[in-house]
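Next come the chains, spelled out residue by residue.
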Amino acid sequence: MIAFSEKLIEKLSGAQRVVFLTGSGISAESGIPTFRGNEGLWKNFRPEELANFKAFIKNPARVWEWYQFRRDIILSAKPNAGHLAIREFEKFFPSVTVVTQNVDNLHRLAGSSNILELHGNIMKNYCIRCSKRYDFQTFENSLSSPKCECGGLIRPDVVWFGENLNESVFAEAEDTVASADIVFVAGSSNIVYPAALLPQHAVNNGVYTVEINIERSELSGVLDEVLLGPSGTVIPELIKKIAGQK
Ligand code: BV8
Ligand code: ZN
C-alpha cells in the first residue's frame, strides 16, 4: 500500500477539476516502448531522427515503416491499469481531463471521456499534397509509403519535431491545467516542449501538481510532490484510497 501524503488527500477531497498530463511512460506497462534509452531505438535510429518532416521527405519508406512497426505494437496493446484508473477518476470527480503527448489511442480505448491529443494520433493519416484524410486500415500492410490518388505522399497525422502543435488544442490544454484543482504529470520525462510547459503553467497558477513516475524527471524539482512508482500501480492505489474515502 502506498502512503499518500495528507496534503494530496486533502487536495483531492475538495477537488472538482482533475487533469492528467500523460507521456509515453503511462503506456510502458501496455508493452509500448518509451522514447528514452535504447528501447526508443528502431534500427539504430532515434525517434528525433525519424519523427520529422525532412526525414520523411528524404526517405518516406523508412519513416513509414517505423510508423507501421509502432502501429503493429499498438494494435496488439491494451490499456493498462493506469489508463483504466484514470478513467475511474470520472466516477469520483465532476471534471477529469487527459492531456496526452502519446499518439497511441490507449486513453480513448480505456474509455476516458475528455482527451486532448497534443501530438496527434498514429491511427490517422493525411496526404501532404491535398490533405485528404486516410484511416490506417486503408493500407494496413503496405510497407512502402502509400500515395494518395492525387499522387501526394501520405503521412501519419502526428506532430513531428519542428512542427507546431495545433494551436487551439494547446490553448485549451493551458486553460485546463490553469483552472484545475489538481494536476497529475504521469509517465513523462518532461523533455519535449511545448508540452513540458504545461506542468510549469499549472505550478505558476498555484495548482497542486503531482508527478507519477518510476524516476525523477526534468521537472520534479518544481512540482509540489513526486510519487515514485509505476503508473499502473500508483494510480489504481490512489483510486482505491479515494473510493475508500467517499
Ligand atoms: C515545436 C509525436 C515550434 C510523433 C512527438 C531545444 C531545446 C528545447 C526545445 C527544442 C530544442 N530544439 C527543438 C526543440 C523543440 C522540440 C523539442 O522539444 N525537442 C526536444 C527533443 C528537446 N519540440 C518540437 O519540435 C515541438 N514543436 O517546438 O514547434 C517550432 C517550430 C519550428 C521550429 C522549431 C520549433 C514538437 C514536439 C512534438 C514531437 N512529437 N510525438 C511520434 O510519436 O511519432 S514527441 C514524442 O516524444 C512523444 O509524443 C513525447 O512527447 C516525447 C517523449 O516524451 P515522453 O512522453 O516524456 O517519453 P519519454 O520516453 O521521454 O519518457 C518516458 C518517461 O516515462 C520517463 O520519465 C520514464 O521514467 C517514465 N516511465 C517509464 N515507465 C513508467 C514511467 N512512468 C510511470 N510508470 C511507468 N511504468
Ligand atoms: Zn492527395
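Residues numbered from 1 in each chain as written. Chains lettered and ligands numbered in written order. Predicted model: local features only at pLDDT ≥ 70, side-chain atom pairs only at ≥ 80, totals over all residues. Heavy atoms only, no water.

The environment of ligand 1 is formed by 33 residues, the closest being Tyr67, Arg70, Gln101, Gly162 and Ser189. Measuring from a nitrogen atom of ligand 1, one finds a backbone N or O atom of Val159 at 2.7 Å. Here ligand 1 loses 76% of its free accessible area of 1500 Å² to cover by the protein chains. Class assignment for the residues of the shell around ligand 1 results in 14 nonpolar, 14 polar and 5 charged. Each of domain 1 (6–32 + 79–119 + 164–245) and domain 2 (40–75 + 127–158) contributes no fewer than three residues to the shell around ligand 1. (Near = heavy atom within 4 Å. Polar contact = N/O pair within 3.5 Å; in protein donor to acceptor, adjacent residues only side chain to side chain. Areas by Shrake-Rupley, 256 points an atom, 1.4 Å probe, with all protein chains shown as cover. Nonpolar A, V, L, I, M, F, W, Y, C, P; charged D, E, K, R; others polar. Domains from an automatic or database assignment.)

What follows deals with the nonpolar core. General note: in soluble globular proteins, nonpolar side chains tend to be found buried as a group. Ranked by internal contacts, the top residues of the largest apolar core, which has 27 residues, are Leu8, Leu12, Val18, Phe89, Ile182, Phe184 and Ile235. Elements represented by at least two residues in this core include exactly helix H1 (6–13), strand S1 (17–22), helix H5 (81–92), strand S2 (95–100), strand S7 (182–186), strand S8 (208–213) and helix H9 (231–245). Among the elements that take part in this core, H9 stands out by supplying 5 residues, more than any other. Not counting residues up to four positions away in its chain, the partners in contact with Leu12 are Phe89, Phe93, Ile182, Phe184, Leu238 and Ile242. Residues Ile32, Trp42, Ala51 and Leu153 belong to the second largest nonpolar core, which totals 19 residues. (Core = buried A, V, L, I, M, F, W, Y, C linked by side-chain atoms within 4.5 Å. Buried < 20%, exposed > 50% of the residue type's maximum accessible area, 1.4 Å probe, protein only. Helix = DSSP H or I, 4+ residues; strand = E, 2+ residues; numbered from the N terminus. Contact = heavy atoms within 4.5 Å.)

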